[in-house]
Number of protein chains: 2
Amino acid sequence: MSRVKSEDERQYLENVFDKLGFTKENGQLLADTLVDADLRGISSHGIQRLDWYRRMIKDGTIVPTREPKVVRELPGTVLVDANQNMGQIAANLAMDKVIEKAKKVGVGIGVVKNSNHFGIAGYYARKALRAGLVGIALTNTRPLVLPTNATQAFLGSNAFAFGFPASPHPFMFDGATSTVASGKIQLADKKGEKLPGQWVVNKDRQLVNDPREAEDILARAAFSDTQIGGGLLTLGGTDVENSNYKGMGNSIVVELLTGILAQGSISADTVRGKHDFSQFVFAFDPSFFGDPDKLKADATAMLNRIRNLKHVPGKTIWVPGDREYKNLANNQKQGVNIDDKTYEEISQIGQELGVNVPAKI
Amino acid sequence: MSRVKSEDERQYLENVFDKLGFTKENGQLLADTLVDADLRGISSHGIQRLDWYRRMIKDGTIVPTREPKVVRELPGTVLVDANQNMGQIAANLAMDKVIEKAKKVGVGIGVVKNSNHFGIAGYYARKALRAGLVGIALTNTRPLVLPTNATQAFLGSNAFAFGFPASPHPFMFDGATSTVASGKIQLADKKGEKLPGQWVVNKDRQLVNDPREAEDILARAAFSDTQIGGGLLTLGGTDVENSNYKGMGNSIVVELLTGILAQGSISADTVRGKHDFSQFVFAFDPSFFGDPDKLKADATAMLNRIRNLKHVPGKTIWVPGDREYKNLANNQKQGVNIDDKTYEEISQIGQELGVNVPAKI
């Protein structure tokens, strides 16, 4: 694990995206989403994705020179074609349009089709927050998750982000609808730890605690047409008694609002052919419902009451967003963490493209 | 447990609501929501709520003679004041307005304030479906749910319903954001069974398997100012390792979109003073994004693939909605189930008000 200055990471990424054929503006946006994730401690969606992005550019899945475009609009809705470029660029456009709509008619929704990975979902919810709105962003992904009672993966570890104004930082719920994102398993592997919870099962729906075995199951499910069975569990874990079908429900809701509405691939079909992802963004203007300062103060008061509830001695009640804003404050000072494998990857990419690699600090 | 004809249940309820001072139209709506729940096998939200509704009318929490009204509107948004009448009446009005908006600008959202219990959330999502739209409905409730690491209840077992067109019946995800709704615990008690999953913990966050003990904890949390600690667990159960903070996140999202946006009580504060609930409804027109028949066929194909995935031998993969539409088909023929305690309650209410009680069949 090393640390680099986030400004150096940003400069490196902008240079790399420039060399890869993105426009300056698009490259800056892509860099910003990855740096933002790393600053917030969401390393799974930070610079460690670069190598994968680059491979998708090489194989033609991502076409950096194309621009996303608005297919059609109503006063409250927009359909955006990502035109096979990165999801960040199209989702950013879709959220810009949705923000405009919410400012005019009170609410807006947008669907992005022909898209790719779009970084952290929270990035777009925060864009709405900066405009004084409430924001939601969803994406489907690769098929990693088993429905209740199933022994093969089908659903994406689909992401859901929701931001609501609060102090000293917004309420920011941002994560996979599955029990964990697959990045957590890679992290356990890097640390040499067993998987601590009900995260992954094998083809017999038996719990897998070895991270290597789990990674193998997920890699086969996510990237090949020849599943060996097993995958990530839905929120609720192994047992119907713990209502794991509700976790399945949440994942299916995202599939319907992304792949189905966009008439693109559902997560299960991203392993073949087009490899396209789809996104859904949503924003509304809270000031329609009440004085925004009052709403913000009310939300803050509720979240503070949650933080201060009676709790298990020695434990902390973290409200969604608390950890990432704490990471953000720390990492803005001390730089962002980059694991050794990723540092090696970005060094090689830098060498190939003639771009200075961020120095370790 | 007895069965009665659903037509008899409906007639009884309409007569009771008439005697209680509701208008004919509002009484019919209230009856329809309760019969609908019983037909779908969601008995927790059916006629068994009548006794509670009646007590709230007696103590002035519900005022049957008032009409809900639209406070203000934009092309995409509406704020409705339930005017302290039942949530069903106001949420029905809000969803009607939202459907109109979605037909015009593509999308609509509505918030209901000064409200009460609104029956099953799915009822309003289905209203959107019948108009050819995608529908969502949310409500906050009484404080029953402990945030991660907390030892006292604070969040509601807030409901989330989502409906999307599909064949032979819509995708219908409708339930509490907590692991289970409290009705499941009462059901276990009636059957004399131990609680099978990670549902309820005591003041030390230790699992409670005795339904009576669990009911006592929840009754104190939900209806009094003197909590004894403990409550329902969020989806994800007892352990942080199983990401129970995601279940907490889902519940807080609903709190923000209901009690906070409506500037009413958050779930934690419904135990004192106003006892008001708040609701959020949302609909959009899928035909903006593509041919509605194609979207419906695509959704159906995905759901059928889920139902037919490889699975644990002897188990069935139920897609959200499958069970309730199966119940609906059966109960339309064979009548609805009413447990003995509820039958006793409705008999007494019938006697008091001079209304014929539905005969057992």
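The rules behind the values
- Residues numbered from 1 in each chain as written.
- Chains lettered and ligands numbered in written order.
- Predicted model: local features only at pLDDT ≥ 70, side-chain atom pairs only at ≥ 80, totals over all residues.
- Contact = placed C-beta atoms within 7 Å.
- Helix = DSSP H or I, 4+ residues; strand = E, 2+ residues; numbered from the N terminus.
- Nonpolar A, V, L, I, M, F, W, Y, C, P; charged D, E, K, R; others polar.
- Pairing = 2+ DSSP bridges.
- Axes fitted to C-alpha atoms, helices over the stretch in contact; angles between N-to-C directions.
- Expected span 1.5 Å × (residues − 1).
- Buried ≥ 20, exposed ≤ 12 C-beta atoms within 10 Å, placed from the backbone.
- Core = buried A, V, L, I, M, F, W, Y, C linked by C-beta atoms within 7 Å.
- pLDDT = per-residue confidence, 0-100.
- Left-handed = near helix turned anticlockwise from the far one by under 90°.
- Parallel < 35°, antiparallel > 145°, perpendicular 65-115°, else oblique.
- Domains from an automatic or database assignment.
- Least-squares fit on C-alpha atoms with pLDDT ≥ 70 in both.

## Quick notes on the interface of chain B and chain A
Argument step 1. Across the boundary between the two partners, chain B contributes 70 residues, which contact 70 residues of chain A.
Argument step 2. Sorting the residues of the side of chain B that touches chain A by element identifies β3 (77-81), β4 (107-115), β8 (159-164), β9 (171-176), α8 (244-260) and α9 (292-307) of chain B as the ones contributing at least two each.
Argument step 3. When its residues are assigned to classes, the side of chain B that touches chain A shows 38 nonpolar, 23 polar and nine charged.

## Observations regarding the sheet that holds β9 of chain B
All names here are of chain B.
Argument step 1. If you walk across this open sheet you meet the seven strands as β2-β3-β4-β13-β5-β8-β9, and the pairing is mixed. The open sheet is flanked by β2 (69-73) and β9, the only strands paired with a single partner. Taken pair by pair, the neighbouring strands of this sheet meet at an average axis angle of 15°, ignoring direction.
Argument step 2. Relative to β3, β2 is paired through four bridges, and the arrangement is antiparallel. Counted as the bridge partner of R72 is L79 from β3.
Argument step 3. Contacting β2, β3, β4, β5 (134-139) and β13 (277-284), helix α4 (residues 87-105) runs over the sheet at an angle of about 160° to β4.

## Quick notes on helix α8 (residues 244-260) of chain A
Argument step 1. Between its first and last C-alpha atoms α8 of chain A spans 23 Å; for 17 residues at 1.5 Å apiece the expected length is 24 Å, and the two agree.
Argument step 2. The buried fraction of α8 of chain A is high, at 17 of 17 residues.

## Some thoughts on the nonpolar core
Argument step 1. Grouped together as the largest cluster of nonpolar side chains are 226 residues, with contacts concentrated most on V281 and A283 of chain A together with V281 and A283 of chain B.
Argument step 2. The residues touching V281 of chain B, leaving out its near neighbours within four places in the chain, are A91, A94, M95, V98, G110, Y124, I136 and A137 of chain B.

## What to know about the confidence of the model for chain A
Argument step 1. Mean pLDDT over chain A: 96, with 100% of residues reaching 70 or higher.
Argument step 2. Taken over the whole predicted complex, pTM reads 0.97, whereas the ipTM for its chain interfaces reads 0.97.

## Thoughts on the packing of helix α6 (residues 183-191) of chain A against helix α7 (residues 211-223) of chain A
All names here are of chain A.
Argument step 1. Look at α6 against α7: their axes get within 9 Å of each other, and the N-to-C directions meet at 145°. The crossing of α6 and α7 is left-handed. Counted together, I185, Q186, A188 and D189 of α6 and P211, R212, A214, E215 and L218 of α7 form the full contact between these two elements.

## Here we look at the packing of helix α4 (residues 87-105) of chain A against helix α5 (residues 122-130) of chain A
Residues and elements named next belong to chain A.
Argument step 1. Between α4 and α5, the shortest axis-to-axis distance is 10 Å and the interhelical angle comes to 30°. Regarding the angle of α4 to α5, the classification is roughly parallel. For the pair α4 and α5, the crossing hand works out as right-handed. Residues A91, M95 and I99 of α4 pack against Y124, K127 and A128 of α5.
Argument step 2. Here the contact of α4 with α5 is built from residues that sort into five nonpolar, no polar and one charged.

## Some points on the sheet that holds strand β2 (residues 69-73) of chain A
Note on sheets: strands pair through backbone hydrogen bonds, and any given pair is parallel or antiparallel.
Residues and elements named next belong to chain A.
Argument step 1. With respect to topology, seven strands assemble into an open sheet ordered β2-β3-β4-β13-β5-β8-β9, the strand pairing being mixed. Looking at which strands have only one partner, the edges of the open sheet turn out to be β2 and β9 (171-176). Averaged over all pairs of adjacent strands, the angle between strand axes in this sheet comes to 15°, irrespective of strand direction.
Argument step 2. As paired elements, strand β3 (residues 77-81) and strand β4 (residues 107-115) share five bridges and run parallel to each other. When the sheet's bridge partners are listed, D81 is paired in β4 with K113.

## What about unusual backbone geometry?
Argument step 1. Following S167 of chain A, the chain continues into P168 of chain A via a peptide bond in cis, with omega recorded as 0°.
Argument step 2. Relative to the helices and strands, P168 of chain A is located in the loop between β8 (159-164) and β9.
Argument step 3. Residue N114 of chain B is not a glycine yet carries a positive backbone phi of 55°.
Argument step 4. Mapped onto the elements, N114 of chain B comes out in strand β4.
Argument step 5. On the basis of neighbour count, N114 of chain B is assigned to the buried category, with 24 C-beta atoms found within 10 Å.
Argument step 6. Phi angles above zero are rare outside glycine, and S243 of chain B is one such case at about 65°.
Argument step 7. Assignment of secondary structure puts S243 of chain B in the loop between β12 (231-232) and α8.

## Some words on the domain arrangement of chain A
All names here are of chain A.
Argument step 1. By domain assignment, chain A separates into domain 1 (1-65 + 321-361) and domain 2 (68-307).
Argument step 2. Put simply, the middle of domain 1 and the middle of domain 2, counted by C-alpha atoms, are 21 Å apart.
Argument step 3. Tallying the contact residues gives 20 residues for domain 1 and 20 residues for domain 2.
Argument step 4. Top element by residues in the side of domain 1 that touches domain 2 is helix α2 (residues 24-39). It accounts for seven residues.
Argument step 5. Class assignment of the residues belonging to the side of domain 1 that touches domain 2 gives a composition of 10 nonpolar, six polar and four charged.

## Focus: the relation of the copies chain B and chain A
Argument step 1. With an RMSD of 0.0 Å, the operation that places chain B on chain A is a rotation of 180° combined with a shift of 0.0 Å along the axis. This pairing of chains is accounted for by a two-fold axis. Scanning chain B for the C-alpha nearest the rotation axis identifies G236 of chain B, at a separation of 2.3 Å.
Argument step 2. With an isologous cut-off of 70% or more, the 100% of interface residues of chain B that recur at the interface of chain A puts this contact in the isologous class.

## Side note on α5 of chain A
Quick reminder: α-helices carry 3.6 residues per turn. Residues three or four places apart thus point the same way.
All names here are of chain A.
Argument step 1. By the criterion of burial, α5 is predominantly enclosed, with eight of the nine residues buried.
Argument step 2. Buried within α5 are the following residues: G122, Y123, Y124, A125, R126, K127, A128 and L129.
Argument step 3. Among the residues trailing α5, G132 stands out with phi positive, at a value near 85°.

## Some remarks on the pairing of strand β5 (residues 134-139) of chain A
For a regular strand, side chains alternate in direction, first toward one face of the sheet and then toward the other.
Residues and elements named next belong to chain A.
Argument step 1. Burial within β5 is extensive, with six of its six residues counted as buried.
Argument step 2. Side chains V134, I136 and L138 of β5 all project onto a buried face; the interleaved residues G135, A137 and T139 project onto the opposite face, where all are buried too.
Argument step 3. Relative to strand β13 (residues 277-284), β5 runs antiparallel, the two being bridged by six bridges. Note that in β13 the partner of T139 across the bridge is Q279.
Argument step 4. Direction of pairing for β5 relative to β8: antiparallel, over a ladder of five bridges. Bridging from a neighbouring strand, I136 pairs with F162 of β8.

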